[in-house]
Amino acid sequence: MLWNIISAVAIAYVVIVALLFLFQSRLIYYPQIGREVAITPQAYGLGYESVSIRTEDGETLHAWWVPAPGGEAAARGIILFFHGNAGNISHRLDYLLMFSRLGYATLIVDYRGYGRSSGAPSEQGTYRDALAAWQWLTQTRGAVPQDIVVAGESLGGAVASWLAVNHAPRALLLMSAFTSVPDLAAQIYPFVPARLISRFSYDNLSNIPRIKSPLLIAHSRDDGIVPFAHGQALFAAAAGPREFLEMRGGHNEAFVFTREEWKNAVALFLERYAPGDK
């Protein structure tokens, strides 16, 4: 009888591990949450251009280009923004409004499979999406890297740090970022060998020491999805100029609860590391 129970538990455990291995992409990407783009920057009084960006492997990404107030000549720089693993660009209008008020233009892009972008998400796919967005700014719009600030929240932080390793931007902003997917998975699923079965990396911790651009990390002690220790570990690993901003509130609310502190910290950080000559 006892052996039967042990066998049943063992089989169930193996099945759970197998399912996590096979379907882990569904635990990382949530493009189906709010797939429809129901609101645009115009709702916040922001002018914008709807942009289609082609990736090197043939996907078409939907993005918004939001010019700075006063036009290109008045812009303090450009923010290239990568969002988290759920929703789409229409759920990040608060960021667009903040960056606009700070005098920056913004390019915000939906990964493949998100919003109106074609394809299905994957780790290498999101990196190709980031590269395509960078090339659109530098080649199509003629922006110089010294004017581009790369920013990413949560999953987008890993996409942003990968891009900053391969193309040095003026600065890098990371919000609620994790050290790596295996690290985070091991904490969320301590009952399975998460590090062994993970098919995703998104390794911020390996990227950060290789980034020479000034880095601002913002994280909340109240973050219930990505523990505060992840932000601390990333900050400790940074080799270049770096600053840390402690936020308040949960993973999805911290930048609302600390809106003024966040805006002021970003403004001061970007001003401190503004290029000398344009």
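Going by the structure above, here's the rest.
Definitions and cut-offs
Residues numbered from 1 in each chain as written. Predicted model: local features only at pLDDT ≥ 70, side-chain atom pairs only at ≥ 80, totals over all residues. Heavy atoms only, no water. Buried < 20%, exposed > 50% of the residue type's maximum accessible area, 1.4 Å probe, protein only. Helix = DSSP H or I, 4+ residues; strand = E, 2+ residues; numbered from the N terminus. Pairing = 2+ DSSP bridges. Phe/Tyr/Trp six-rings, centres within 6.5 Å; stacked < 30°, edge-to-face > 60°. Contact = heavy atoms within 4.5 Å. Salt bridge = Lys/Arg side-chain N within 4 Å of Asp/Glu carboxyl O. Polar contact = N/O pair within 3.5 Å; in protein donor to acceptor, adjacent residues only side chain to side chain. Axes fitted to C-alpha atoms, helices over the stretch in contact; angles between N-to-C directions.

Some thoughts on the pairing of strand β7 (residues 215-220)
Most of β7 is tucked away, with 6 of its 6 residues classed as buried. Side chains Leu215, Ile217 and His219 project from β7 onto one buried face, and the interleaved Leu216, Ala218 and Ser220 project onto a second face that is buried too. In this sheet, β7 lies alongside strand β6 (residues 171-175) in parallel orientation, the contact comprising 4 bridges. Looking across to β7, one finds that leucine 172 is bridged to leucine 215. For β7 and strand β8 (residues 242-247), the ladder comprises 6 bridges, and the chain directions are parallel.

Here's the deal with the packing of aromatic side chains
Per the stated rule, a full pass over the model turns up 13 aromatic pairs. Centre to centre, the rings of tyrosine 127 and tyrosine 202 are 5.7 Å apart; their planes meet at 75°, and the pair counts as edge-to-face. Taken together, the residues span a long stretch of sequence, with tyrosine 127 in helix α4 (residues 123-140) and tyrosine 202 in the loop between α7 (194-197) and α8 (204-207) at a distance of 75 residues. A residue is classified by how much of its surface remains accessible, and tyrosine 127, at 7% relative accessible area, is buried. Ring centres of phenylalanine 235 and phenylalanine 244 lie 5.7 Å apart, and the angle between their planes is 75°; on these two criteria the pair is classed as edge-to-face. The partly exposed category is assigned to phenylalanine 235, whose relative accessible area is 25%. Looking at phenylalanine 244, the relative accessible area reads 28%, which means it is partly exposed.

Comments concerning helix α6 (residues 181-188)
The complete set of buried residues in α6 reads Val181, Pro182, Asp183, Leu184 and Ala185. Looking at the buried side of α6, the elements it contacts are α2 (25-28), α7 and α9 (228-237).

Some points on the pattern of salt bridges
Working definition: two side chains of opposite charge can pair if their charged atoms are close together. Counted under the stated rule, the structure contains 10 salt bridges. Between glutamate 56 and arginine 128 there is a salt bridge; the shortest N-O distance is 3.5 Å. Remark: arginine 128 occurs in helix α4 and glutamate 56 occurs in the loop between β1 (49-54) and β2 (60-66); sequence separation between them is 72 residues. Take glutamate 56: its relative accessible area is 63%, and that puts it in the exposed class. Judged by relative accessible area, which is 30%, arginine 128 ranks as partly exposed. Ionic pairing is found between aspartate 183 and arginine 195, a salt bridge with its closest N-O pair at 2.4 Å. Here arginine 195 lies in helix α7 and aspartate 183 lies in helix α6, a separation of 12 residues in the sequence. The network of salt bridges with common partners includes Glu56, Asp57, Arg112, Arg128 and Asp129.

A few points about the environment of aspartate 203
Of note, aspartate 203 is situated in the loop between α7 and α8. If we skip the residues at most four places from it in the chain, aspartate 203 touches Thr179 and Ser180. A polar atom in the side chain of aspartate 203 sits 3.3 Å from the backbone nitrogen of leucine 205. Side chain to side chain, aspartate 203 and serine 206 meet in a polar contact 2.7 Å long.

Some details on the sheet that holds β2
Ordered in space as β1-β2-β4-β3-β5-β6-β7-β8, the 8 strands form an open sheet in which the pairing is mixed. Single-partner strands in this sheet number two, and they are β1 and β8. Taking each pair of neighbouring strands and ignoring which way they run, the sheet shows an average axis angle of 20°. Two strands pair when backbone bridges link them, and β2 and strand β4 (residues 105-109) are joined in this way by 4 bridges, in the antiparallel orientation. Residue pairing in the sheet places tryptophan 65 in a bridge with leucine 107 of β4. Each of β3 (78-82), β5 (148-153), β6, β7 and β8 touches helix α11 (residues 259-272); the most contacted strand, β6, lies at about 160° to it.

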